[in-house]
Structures are given as C-alpha cells and as structure tokens.
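Working through the structure, step by step
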Amino acid sequence: MRPLLRMYEFHKKEFGIRDNAFFRIVEEFLSRPPCSLLECSIKIFPNGIHSKRVRFGYEQEDIGEGLDEILQFLERISTSRNVNLSRDILNRILDEGLDVSRVMAAGVGLDYGERMSDSKAKCYFMVNDYPEMVNRVLSLHIPVDGIGNYPMHDSFMFGIDMNFDGRTGVEIYPFLDSQNLRDSGLIEKLGLRKAIEGLIEECNALHISFDRSGRRILHFHPIRTTRFVRLLGNRQLSLVYSNVQILKFLLNRSYDKILFAVNLSLVEDELLSKRIQTINLQYGLTSRD
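This structure is a prediction, so every number in the text was calculated from the model and none was measured.

Looking at the pairing of strand β11 (residues 279-286)
Extensive coverage of β11 is indicated by the burial of seven of its eight residues. In the sheet, strand β1 (residues 37-45) pairs with β11 via eight bridges, with the strands oriented antiparallel. Paired with Ser41 across the bridge in β11 is Gln282. Relative to β11, strand β10 (residues 259-267) runs antiparallel, the two sharing eight bridges. Residue Val262 lies in a different strand from β11, and its bridge partner there is Tyr283.

Printed below as a string of structure tokens:
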C-alpha cells in the first residue's frame, strides 16, 4: 500500500470517518501518481473533535498534471447533489497567464461538516518569486490592517475556500521563519509578543492566517512536537497526538524516503485570554512511492 493511502486509512479508522461518496472521490485521486502530498487534520473543541478534513497535493515537478487533477476533483465534487461550488476566484488565479514554473506545490482538500452548508473544498498553492500572483491574491483577500508589516519571503502560500453553498474566499499565510522569530522588533511591530510568549522558542516557523472576521490564526511549526503539546496542557490534544505518534512510528518503520510533519493552529484571541478552546492539529506526509 502507498504510504499516503496507509496514512489516510489510519486517519479514517482512528478518528471514526465513515465512508461516503465524497471520500471515495478523495481516495481515487490519492491512490494514484503523481499525488505525493497528504495532510490530515483534527479540529479540537471543548465538546469533541472534527476530523473529516483531508487534503492531497502535488509537488513542482508534477504541477502541470497536478493542476489538471485538482480541477477534475472539483468537477467530480460539484456534480454531487446539493453542492454548489463557485470557482470564480479560482478561475482568476488559474487563468491563461499562469506561470506554472513558479508554482512550487498545489493541493486540494475536503472539509466535510455535519451539514452540507458547513462543508467545503479548498485549494492550496505555494508559489515562489511570483510578485504578480502575490498582488493578485492580496487584492482578493479581505483587507488586513498592517499587512505591509509582515515579512514577504520569496515563497508565498494561499488558499481558496469553496463552500458547498456557493460561498468562496481567499486565505493567505504570511510566515515568520526562524530568523524572523528571533527579531524582537518585528514581533513587537506585529503585536505578537503576548500571544506567542513561551511558545516562540519551541518553533522554527510560524504561519499566520486571518478568518472572515479578521481574527488571526497562528500556525505553529514546533521543533519538538511532543514538548509543544505538553506545554499547551490540553487533554484532548494529548490523546489525539498520541495516535499521530503511533502512525509516525509505523510509517518510519515501514517506508524509506518519507517526510512526516506536524503543526498546530491556535486562535490568537484564545492564547491572549489563556482560554484555549479551539486547536487544529495537522499532520502531513510527503512521499513519491
């Protein structure tokens, strides 16, 4: 079994995802080359978890074929009953002027909610040295106060939400690398010091996104994930992460040439109030086998 499929089957089994038509479509695309990226996600709330969240993707050397696969996936999803995907924004990104050589990775995900209106597909892109695309994406995003204060690296990540009820929007992920995280002046300018105090030393990167109300979501990339999880002191998170540790052990024992990574997303307001209610744990695998 491909490592990606093994991880996917583990996620379904451990977190109780029942088979349905949408996930069967995911499995079809995930099971064949050139798909080489998979990320599974568990959103943790005080009263439970939401785990029906997966995305798969393609690296730069396969990006032409990968973009075709993504569009086929969206077409398959959109033919399902009661699904109304608006691809207007996506079409403005993937127009005839797209420079494919500057797209480093692309993917598509499924977030399946209890109600169809809570469900969505989401496309993800990482581009490099592509200022025209960055400007286009920023023009489509909700206004962000002080966006010019965030460091703009050569690589830039963004996503396009496509809810099943027709809503759509853009999400950007400016990031701070390890050098930025050590820049106390930059941290102060961005107003992040209080939110990430005690956590910043444990990370080698931090992505930031903004929800539709403008709140900041902080995506931590821990150096030592086990230590980071313990610092948060959340029992549900600890239980979920223990399952992920088991999967990492099994994959490393069975396969060579895989890259396994874990990151955690927290709401800035909840960190400031020291009342963490929502945690999103994402674990991802890169494999070309």
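On we go from here.
A few points about the packing of aromatic side chains
By the definition in use, this model includes 12 aromatic pairs. Ring geometry for Tyr150 versus Phe210: centroids 5.9 Å apart, planes at 90°, classification edge-to-face. Of this pair, Tyr150 sits in the loop between α5 (131-140) and β5 (155-163) while Phe210 is found in strand β8 (residues 203-210), placing the two residues 60 residues apart along the sequence. Under the relative-accessibility criterion, Tyr150 is labelled buried at 5%. Ring-pair connections join several aromatic residues into one group, and the members of that group are Phe22, Phe23, Tyr112 and Phe164. Positioned above the aromatic ring of Tyr124, the side-chain terminus of Arg55 is 3.8 Å from the ring centre. Note that Arg102 overlies the ring of Tyr130, its terminal NZ or CZ placed 4.2 Å from the centroid.

Rules behind the numbers
Residues numbered from 1 in each chain as written. Predicted model: local features only at pLDDT ≥ 70, side-chain atom pairs only at ≥ 80, totals over all residues. Heavy atoms only, no water. Buried < 20%, exposed > 50% of the residue type's maximum accessible area, 1.4 Å probe, protein only. Helix = DSSP H or I, 4+ residues; strand = E, 2+ residues; numbered from the N terminus. Pairing = 2+ DSSP bridges. Phe/Tyr/Trp six-rings, centres within 6.5 Å; stacked < 30°, edge-to-face > 60°. Lys NZ or Arg CZ within 6 Å of the ring centre and 35° of its normal.

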